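Read off the chains here:
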Amino acid sequence: MGKSPSLARKEPQPGLYGWLDERLGLDELLDFARAKEVPHHGQSFWYYWGGISLFLFLVQLVTGILLLVYYRPGAEAYESVRQITYDIEFGWLIRSAHSWSANLMVLAVFVHMFSVFFMKAYRKPREFGWWSGLALLGLTMVFGFSGYLLPFDELSYFATKVGLEIPQTIPGLGPVIVTLLQGGEQVSAVTIQRFFALHVVVLPLAFLALLGFHLWLVQKHGNAVPPSEELKPEEKRRSIPFFPNFFAKDMAMWLITMNVLAILASLYPWGLGAPADPIAPAPEGIHPEWYFMSQFQILKVFGRWFPGMTGEVLGILFFTAGIVLWSLIPFYDKDNTNARRARHASWFGLAALTGLILLTIWGYAEI
Amino acid sequence: MSKKKHKAAHAEEPELTRRALFRTGVGIVGACYVGPIAYPVYRYLATPAKQSAALAAIKEVSIPQEQMPALGTALRFAFGTRPAILIHMEDGSFVCFDAVCTHLGCTVEFQPEEKRIHCACHGGTYDMATGKNVAGPPPKPLNQYKVEVANGQITVTRA
C-alpha cells in the first residue's frame, strides 16, 4: 500500500492478456488512455468527425487492397473493372464500398474541417494540426480525382480531361505539368498507369505520414474546446476519460458509419459506364463529382463573366486566393484575446461554407 | 481496513456481472458483423479458385492426330490445370502420365536418350513405361492416365 501502482511490483495477470501485458506493457497503455481526458460539452458531437474520417480511410485501405487483387491498370483497365463488377463474386460490392466510402470520407473530412474552423481549434498551439488537416483534405481530393480515372469508362475519361484543364492554365509550366501527368498529349492507357501508381503508392504513403503527424498533434495538444466552453470557469467544465468512455462513443460512431456505408454500397451499387472512347463526343449532362462541383462552377461563372482564357485564369486565382486565406486563418485569429478578429473569422467561415454549398447547388441546377 | 475491503468487494459484484453481460453483448454483435463482412470477402477472393476447380474437374482430353508425337518422342499438354506427358513408345503404344513430380511438385521431363522421365529439381527419376519412381527422392510413382486410340484420335482419360 502507499506505493504508486507504477512503482509497485505487479503481480502478473493470468491468461493470454497477462502474458502479452508482461511483454508489451498493455496495462501502461490502458492506464494512459484512462488518464487522458476529453472535454465534454454541448458541441462534443463534432469531435467524432475526425475519427469517422479515419474509419472511412481504413475502409478505403482494405477495399482498395481487395480491388488490387483483380484490377489491371493500363490498356486492360476497363475490362478488369468490368470483370470485378460483373464476373467476380461480390466484386460489385467491394467496388461499391470503395466508391461510396470514398465519397463519405470526403464528406466527413469537410464536416471535420468546418467544425474545427467554427470551434476555432486552429488557434495557438494547434496551427500545425490545421495545416496538416488541410493537406490531408488536399490529398483526399487528389485520391478522389486519380481514383475516378481508373475504371476508364466514359465519365472518368472526360472528368479527367476536364480536371487536367485546371493545371493547364498555370502560366508557363501548365502544359508541361499536364503532359507529364498524362504521359502524352491525350488521356490514355499511359495516363491510367501513372494515376494508378499515384493512387495506390504515392498518395497512401504521403497520406499515412501526414496522418501520423496529425494524430500525434491531436494527442499532444488534446481536443480544443469551443469559445463558449472556454468562457466557463475551470471548475464548471466537464470532461470524460478517453478510455473507455470516449473510445466507446467513438466506436459507436464507427459502427453507425459502417451501417450507413453498408446500406449505401449494397442498395445503390456503383455503376460502370460504357468504355472510354477518345473519338466519341462527351455524354450529355457530364459533370464532376460533387466535391469538385463548386470549383467547376466558379470556372464556369468566371468564364461567362470574362470570356476566353481570362475568365478561367481569374476563376482559378479566385479559388486559390480563397484557399490561401483559409489556411492562413490561424495567423489572423490567433487566440481568444481579440473578439473582433474572432467574429470576422467566424463570418469568413460562414461565407465560405455558404458559398461552397450554393455553388454546388447552382452547379447541379445547371446540368 | 478489513471492513473497507469487504465493502469494496461487495460494491464490485454487480459491476462484474454488468461487465460480463456487456462483454457477451459486444461479442455477439461483433460476430453478427464479422460474418457478413468475411463471407463476401471470402467469395470475392475465392472466385478464380472456383473457376480453376471447374477446369481441373475435367475427365477427358482429346488430342488430334496432327499433334500425335512421333515414335520415341513425347507430347506435353494440359490436362485441366495440370501438365501431362504423352509418350509414344518404340513399340507403337502410348502411355500418359501426370507430369507433376510426386516429390515436391516440379514438372518432370521425358528424356528420350536416357529412356526415362526425370525431374530437374531434385533428380527424381521415373520409369518411362510405367511411371514408377526408380531413383532419387520421389516417394510414389507418377499418376497414370488411360490412353485410347480410335480413328487416329487419342483420348486421354483419368484412370
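Residues numbered from 1 in each chain as written. Chains lettered and ligands numbered in written order. Predicted model: local features only at pLDDT ≥ 70, side-chain atom pairs only at ≥ 80, totals over all residues. Heavy atoms only, no water.

**Some words on the nonpolar core**
- Ile52, Leu56, Phe110, Met113, Trp130, Phe207 and Trp326 of chain A are the most contacted members of the largest nonpolar core, which totals 45 residues.
- Looking at this core, the elements that each hand over two or more residues are α3 (48–68), α5 (91–118), α6 (127–149), α10 (189–221) and α12 (242–267) of chain A.
- The element that contributes the greatest number of residues to this core is α5 of chain A, accounting for 12 residues.
- When residues of this core are assigned to domains, at least three map to each of domain 1 (28–227 + 237–280) and domain 2 (289–367) of chain A.
- Ranked by size, the runner-up nonpolar core spans 24 residues in total, among them Tyr71, Ala77 and Leu272 of chain A together with Tyr44 of chain B. (Core = buried A, V, L, I, M, F, W, Y, C linked by side-chain atoms within 4.5 Å. Buried < 20%, exposed > 50% of the residue type's maximum accessible area, 1.4 Å probe, protein only. Helix = DSSP H or I, 4+ residues; strand = E, 2+ residues; numbered from the N terminus. Domains from an automatic or database assignment.)

**Brief notes about the confidence of the model for chain B**
Residues and elements named next belong to chain B.
- Averaged over all residues, the pLDDT of chain B equals 89, while 90% of them reach at least 70.
- Within the model, the stretch residues 1–5 combines pLDDT values under 50 with one contact to residues more than four positions away or in other chains.
- The ipTM assigned to the predicted complex is 0.89, against a pTM of 0.87. (pLDDT = per-residue confidence, 0-100. Contact = heavy atoms within 4.5 Å.)

**Remarks on the packing of aromatic side chains**
Residues and elements named next belong to chain A.
- Going through the model one piece at a time under the given rule, you end up with 37 aromatic pairs over all chains.
- Geometrically, the ring pair formed by Phe57 and Phe207 is stacked, given 4.3 Å between the ring centres and 25 degrees between the ring planes. With Phe57 in helix α3 and Phe207 in helix α10, this residue pair connects regions lying 150 residues apart in the sequence. Of the two residues, Phe57 and Phe207, neither departs from the other in class, the shared state being buried. (Phe/Tyr/Trp six-rings, centres within 6.5 Å; stacked < 30°, edge-to-face > 60°.)

**Let's talk about the domain arrangement of chain A**
Residues and elements named next belong to chain A.
- Under the domain assignment, chain A is made up of domain 1 (28–227 + 237–280) and domain 2 (289–367).
- Here the C-alpha centroids of domain 1 and domain 2 sit 21 Å apart.
- Across the boundary between the two partners, domain 1 contributes 25 residues, which contact 28 residues of domain 2.
- For the pair domain 1 and domain 2, the summed buried area comes to about 2,300 Å², and 73% of that belongs to carbon and sulfur atoms.
- As a salt-bridge pair, Lys120 and Asp333 come within 3.2 Å of each other at their nearest N and O atoms.
- Where domain 1 touches domain 2, the interface holds 10 residue pairs in polar contact (both at pLDDT 80 or more).
- For the side of domain 1 that touches domain 2, the secondary structure elements donating two or more residues are α5, α6 and α8 (165–168).
- Partitioning the side of domain 1 that touches domain 2 into residue classes produces 17 nonpolar, three polar and five charged. (Buried area = accessible area lost by both parts, 1.4 Å probe. Salt bridge = Lys/Arg side-chain N within 4 Å of Asp/Glu carboxyl O. Polar contact = N/O pair within 3.5 Å; in protein donor to acceptor, adjacent residues only side chain to side chain. Nonpolar A, V, L, I, M, F, W, Y, C, P; charged D, E, K, R; others polar.)

**Some remarks on the state of the cysteines**
All names here are of chain B.
- All chains considered together, the criterion is met by one disulfide over all chains.
- Covalent S-S linkage joins Cys106 and Cys121, the inter-sulfur distance amounting to 1.9 Å. Note on the Cys106 and Cys121 pair: the S-S dihedral is about -90 degrees, so by sign convention the disulfide is left-handed. Within this pair, whereas Cys106 is found in the loop between β4 (94–98) and β5 (109–111), its partner Cys121 is found in the loop between β6 (116–118) and β7 (125–127), the two being separated by 15 residues in sequence.
- Owing to a relative accessible area of 42%, Cys121 belongs among the partly exposed residues under this scheme.
- Cys119 forms no disulfide, and the closest cysteine sulfur to it belongs to Cys101, at a distance of 3.9 Å. (Disulfide = S-S within 2.5 Å.)

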